[in-house]
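Here's the letter readout for the chains.
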Amino acid sequence: MARRNLVLAVDVGTTKVSAIVAQVRPDGELAVLGIAATPVVGMRRGLVFEPERVAAAIRDAVNRANSMAGADLNQAAVGVNGDHLGVQVGHAQVVLKHGTVREEDLKAVVQKATPAAADPERQVIQLVRRALAVDGFRGVVDPVGMVARQIEAEVLAVTGLNTAVRNLKRVLSMAGITPVLMVANPKAAADGVLGDDERQLGVVLLDVGGGTTGVVVYRGGELQHLGVVPIGGEAITSDIAVGLGMVATQAERLKLEYAQVGGPPEGGTLEVRTVNGQAVKVVPRGQLEEIVQARVDEWLQYVEAQLRRVDWPTGPAAGVVMTGGGAMLRGLAQFLEQRWGWPVRLGSPYGLAGLSDLSKSPGYAVVVGVAKAKAQEGLFVAEHEGLGERLKKLWVNLFS
Ligand SMILES: Nc1ncnc2c1ncn2[C@@H]1O[C@H](COP(=O)(O)OP(=O)(O)OP(=O)(O)O)[C@@H](O)[C@H]1O
Ligand SMILES: [Mg+2]
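Residues numbered from 1 in each chain as written. Chains lettered and ligands numbered in written order. Predicted model: local features only at pLDDT ≥ 70, side-chain atom pairs only at ≥ 80, totals over all residues. Heavy atoms only, no water.

## Section: the overall build of the protein
Across its full length, the protein carries 11 helices and 21 strands. The C-alpha radius of gyration computed for the protein amounts to 22 Å, which stays within 12% of the reference 21 Å derived for 400 residues, consistent with globular compactness. Taken over the C-alpha atoms alone, the protein extends approximately 80 × 55 × 40 Å along its principal axes. Taking all 400 residues of the protein together, the buried fraction comes to 55%. Long-range contacts, defined here as pairs at least 24 residues apart, represent 67% of the contacts in the protein between residues at least 6 apart. When the accessible surface of the protein is totalled, it reaches about 17700 Å², and 51% of it is carbon and sulfur. (Helix = DSSP H or I, 4+ residues; strand = E, 2+ residues; numbered from the N terminus. Rg over C-alpha atoms; globule rule 2.2 N^0.38 Å. Buried < 20%, exposed > 50% of the residue type's maximum accessible area, 1.4 Å probe, protein only. Contact = heavy atoms within 4.5 Å. Areas by Shrake-Rupley, 256 points an atom, 1.4 Å probe, with all protein chains shown as cover.)

Here it is as structure tokens:
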């Protein structure tokens, strides 16, 4: 018997492609039926560089997720990543024709508020409705049926470079996948792990991946900022490889086992194999710590530059939530807490039933968020044309 309401979500990460097949239950909950991650080479900083190899990894992850679920899906919701992602804000108001707020009025005001892509090289990837005001009252969540004269909306459009999006679509097509929804990776990470209460209080989400770090800021329940920094955990690994003279796989192993940031210096030495694998070299542990700290300090400059774009005197009351594999670097959360004075924790995807253990790891936040976006998408679809590259459809995520 065919099962209905299945969604396929794909995250083409810099180090791994993850895929989820989930069933959307009548109550909106997602039940994970299949989940897989395949290591990928050929991606750099969230962008496709070697199409054949990336396509092979996508095919493998999707096949495994499908076969676990006993499904055969080839239409997918997909995350878009890279430091080319940017945001534009638009604003509009609509006078109500019928004296009450209807679903079509919400669509109309969002469409009118959608900013035109300022640069012909860019396209709108995702729209997020921000403030909604009914007769001047802000913060209304679901005004359908309300008696009013006019509604106003503010829309945040996430834009990206046409070439980056085209390359992603190309590898998906090579892998036999048709993208039916595109979402911005950092937004998906936030959807994967953040609760409404945190978004209301104010929260920073850092998705620390292999080649990128996504930065998202919410305040008063609204998305304030979204950006991507072109540094992730792979930079630490390659610094260790160069600094200590070893191949990347060894450097990665050393990082996972011994690397840490902040905290008191660990004395002693480490024995590492040199590049040709023949000789063993003794390295003071302090040297590893210096290498890691230097890269984390540079990363911090980029992340803080993103946070400075948000104007907030008191900082995020709900603190900082980190996702992605790089967030698991030993000592990172404590180091950031001390530096910023805000609570910092690892975020775990929530709102899933089924094969939830694996999908609850911070590294799956994006693919879970992509699946959630797909599950909620049917609620509001806007037709739109003429933004940058002509777009057939823009999906408006009302669940910002
Ligand atoms: N325990 C750990 N300590 C430190 N780093 C870790 C740990 N586990 C994973 N990582 C790092 O996490 C990174 C991969 O994270 P993730 O899977 O989130 O990246 P990705 O999604 O493939 O990349 P991106 O999001 O940048 O496109 C790697 O650099 C890996 O070394
Ligand atoms: Mg990632």
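## Brief notes about the site of ligand 1
Lining the immediate environment of ligand 1, one finds 20 residues, of which Thr 14, Thr 15, Thr 212, Glu 252 and Lys 255 sit closest. Measuring from an oxygen atom of ligand 1, one finds a backbone N or O atom of Gly 211 at 2.8 Å. At 3.5 Å from a nitrogen atom of ligand 1 is found a main-chain nitrogen or oxygen belonging to Met 328. Expressed as a share of its isolated accessible area of 660 Å², the protein-covered part of ligand 1 is 86%. Among the secondary structure elements, those contributing two or more residues to the shell around ligand 1 are helix H6 (233-244) and helix H7 (248-258). When residues of the shell around ligand 1 are assigned to their parent elements, the largest contribution, 3 residues, is made by H7. In terms of residue class, the shell around ligand 1 is made up of 4 nonpolar, 12 polar and 4 charged. (Near = heavy atom within 4 Å. Polar contact = N/O pair within 3.5 Å; in protein donor to acceptor, adjacent residues only side chain to side chain. Nonpolar A, V, L, I, M, F, W, Y, C, P; charged D, E, K, R; others polar.)

## Some details on the environment of Gly 319
Tracing the chain through its elements places Gly 319 in the loop between helix H8 (285-307) and strand E17 (320-323). Residue class for Gly 319 comes out buried when judged on its relative accessible area of 0%. Expressed as a C-alpha distance, the spacing of Gly 319 and Ile 291, which sit 28 residues apart in the sequence, is 28 Å. Here Gly 319 is in contact with Gly 202, Val 203, Val 204, Trp 342 and Pro 343, once residues within four sequence places are set aside.

## As for the domain arrangement of the protein
According to the domain assignment, the protein contains domain 1 (86-162 + 390-397) and domain 2 (233-293). Summarising the inter-unit geometry, the C-alpha centres of domain 1 and domain 2 are found 50 Å apart. (Domains from an automatic or database assignment.)

## A word on the pattern of salt bridges
Summed over the entire model, instances satisfying the criterion amount to 13 salt bridges. Between Arg 199 and Asp 191 there is a salt bridge, with the nearest N and O atoms lying 3.4 Å from each other. Asp 191 carries the same exposure label as Arg 199, and that label is buried. One salt bridge in this structure joins Asp 239 and Arg 295, with 2.7 Å as the shortest N-O distance. Of this pair, Asp 239 sits in helix H6 while Arg 295 sits in helix H8, and the two are 56 residues apart along the sequence. By relative accessible area, which is 23% here, Asp 239 ends up partly exposed. Linked through salt bridges whose partners overlap, the residues forming this network are Lys 187, Asp 191 and Arg 199. (Salt bridge = Lys/Arg side-chain N within 4 Å of Asp/Glu carboxyl O.)

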